[in-house]
Amino acid sequence: WNVMISGFTSHGYGVKALSYFDQMQNEAFAPNSITFLSLLKACASTGSLKLGEEIHVELCNQGFSVEQGGVLGTALMDMYAKCGLLGKAKQVFDNLPTLDVVSCNALMDGYLQHGLMDDVLKCFRRMEDEDILPDRTTFLCALKACSSIKALDMGEEIHEKINMQRLLDKDIFIATTLVDMYAKCGMLVKAQQVFDKLLVRDVVSWNVLIDGYVKLGH
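Overview of the structure. The model shown is predicted, which means the values in this text are computed figures rather than measured ones.

Scoring rules and cut-offs
- Residues numbered from 1 in each chain as written.
- Predicted model: local features only at pLDDT ≥ 70, side-chain atom pairs only at ≥ 80, totals over all residues.
- Heavy atoms only, no water.
- Helix = DSSP H or I, 4+ residues; strand = E, 2+ residues; numbered from the N terminus.
- Buried < 20%, exposed > 50% of the residue type's maximum accessible area, 1.4 Å probe, protein only.
- Contact = heavy atoms within 4.5 Å.
- Areas by Shrake-Rupley, 256 points an atom, 1.4 Å probe, with all protein chains shown as cover.
- Lys, Arg positive; Asp, Glu negative; His and termini not counted.
- Charge placed at Lys NZ, Arg CZ, Asp CG, Glu CD.
- Phe/Tyr/Trp six-rings, centres within 6.5 Å; stacked < 30°, edge-to-face > 60°.
- Core = buried A, V, L, I, M, F, W, Y, C linked by side-chain atoms within 4.5 Å.
- Salt bridge = Lys/Arg side-chain N within 4 Å of Asp/Glu carboxyl O.
- Axes fitted to C-alpha atoms, helices over the stretch in contact; angles between N-to-C directions.
- Parallel < 35°, antiparallel > 145°, perpendicular 65-115°, else oblique.
- Left-handed = near helix turned anticlockwise from the far one by under 90°.
- Nonpolar A, V, L, I, M, F, W, Y, C, P; charged D, E, K, R; others polar.

Attention now moves to the overall build of the protein. If you tally the helices and strands in the protein, you get 13 helices and 0 strands. Helices and strands in the protein line up, N terminus first, as α-α-α-α-α-α-α-α-α-α-α-α-α. Its C-alpha atoms give the protein principal-axis dimensions of roughly 65 × 35 × 30 Å. Burial analysis of the protein (218 residues in total) assigns 44% to the buried set. Taking the contacts inside the protein whose residues are at least 6 apart along the sequence as the reference set, 60% of them involve residues at least 24 apart. When the accessible surface of the protein is split by element, carbon and sulfur atoms take 55% of a total near 11,300 Å². Taking the average location of the 20 positive side-chain charges in the protein and that of its 27 negative ones, the two points are 5 Å from each other.

Written as structure tokens, this is what we have:
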């Protein structure tokens with residue numbers, strides 16, 4: 001049952017995964033931590049908040065605590081974030097025994113999806129304070145937040161960190177998002193400079209720069 005539920009979840013068939021869980025219960029098989037992990041991911045992808053909350057209660061009944069949570073704690077936090085209960089997500093996040101890039105990214109993405117751009121950047125700062133190395137997902141979330149609220153200074157700091165990891169040379173999506181951030185902040189010279197250094201360009205990177213010029217009257 002776990003293999004089937006996990007397989008459907010991993011390939012984006014969250015509804016199917018949840019239907020198999022129903023069948024599993026009908027046949028009187030008790031879920032374990034592996035089942036719950038897959039189910040929380042399925043709830044996150046399908047917005048099934050009610051079932052996610054029921055799983056949280058069941059985990060607590062089985063003696064689970066977020067303070068010992070590890071991967072399950074992160075999945076629980078991610079489920080709440082994706083379902084829009086960001087207060088609950090932050091509560092779980094703050095009680096995780098250790099923070100890592102996966103848990104931070106999950107919270108940042110939740111904030112980003114619900115328009116809380118300042119909170120995205122606060123989470124990024126907390127990662128710095130905790131000496132957690134950001135990855136491409138972290139940078140993408142942070143750059144999108146900077147673009148949205150025109151946080152140019154923060155965007156420039158993030159640009160430096162991206163350069164330190166040499167990501168612009170190998171990740172066109174990060175490079176394009178950086179061009180977009182500078183364009184939206186009105187720094188078209190900087191946007192053009194980043195664009196000119198791209199080793200590979202696609203229609204998206206061209207469109208971002210063209211759109212930046214159009215919106216600023218050029």
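This is not the end of the story, as more comes after the structure.
What the rule picks out here adds up to 5 aromatic pairs. Relative to Phe 29, the ring of Trp 1 lies with its centre 6.3 Å away and its plane at 50 degrees, an arrangement referred to as tilted. With a gap of 28 residues between them, Trp 1 in the segment before helix 1 (2-10) and Phe 29 in the loop between helix 2 (14-26) and helix 3 (33-46) connect regions that are remote in the sequence. For Trp 1, a relative accessible area of 31% gives the class partly exposed. For Phe 29, a relative accessible area of 44% corresponds to the partly exposed category. Counting every residue linked through ring pairs, the aromatic cluster contains Trp 1, Phe 8, Tyr 13, Tyr 20 and Phe 29.

A word on the nonpolar core. Core analysis: the biggest nonpolar cluster contains 70 residues, and Leu 40, Met 79, Phe 93, Met 108, Ile 158 and Ile 162 have the highest contact counts within it. In this structure Ile 162 touches Phe 139, Leu 143, Leu 167, Leu 168 and Ile 174, once residues within four positions along its chain are discounted.

Bringing the pattern of salt bridges into the picture now. Any two side chains of opposite charge can pair, on the condition that their charged atoms come close. As enumerated under the stated definition, the model contains 13 salt bridges in all. Ionic pairing is found between Arg 126 and Asp 94, a salt bridge with its closest N-O pair at 2.9 Å. Linking Arg 126 in helix 8 (residues 117-129) with Asp 94 in helix 6 (residues 86-95), this pair joins segments that are 32 residues apart in sequence. Under the relative-accessibility criterion, Arg 126 is labelled partly exposed at 28%. With a closest N to O distance of 3.2 Å, Asp 169 and Arg 166 form a salt bridge. Here the salt bridges do not stand alone but share partners, grouping Lys 90, Asp 94, Arg 126 and Glu 130 into one network.

Moving on, we get to the packing of helix 1 against helix 3. One way to put it is that helix 1 packs onto helix 3 with a least axis distance of 9 Å and a crossing angle of 25 degrees. Classified by the angle their axes make, helix 1 and helix 3 are roughly parallel. Crossing angle aside, the handedness with which helix 1 passes helix 3 is left-handed. Contacts between helix 1 and helix 3 involve Asn 2, Ile 5, Ser 6 and Thr 9 from the first element and Ile 34, Thr 35, Ser 38, Leu 39, Lys 41 and Ala 42 from the second. Looking at the contact of helix 1 with helix 3, its residues break down into 4 nonpolar, 5 polar and 1 charged.

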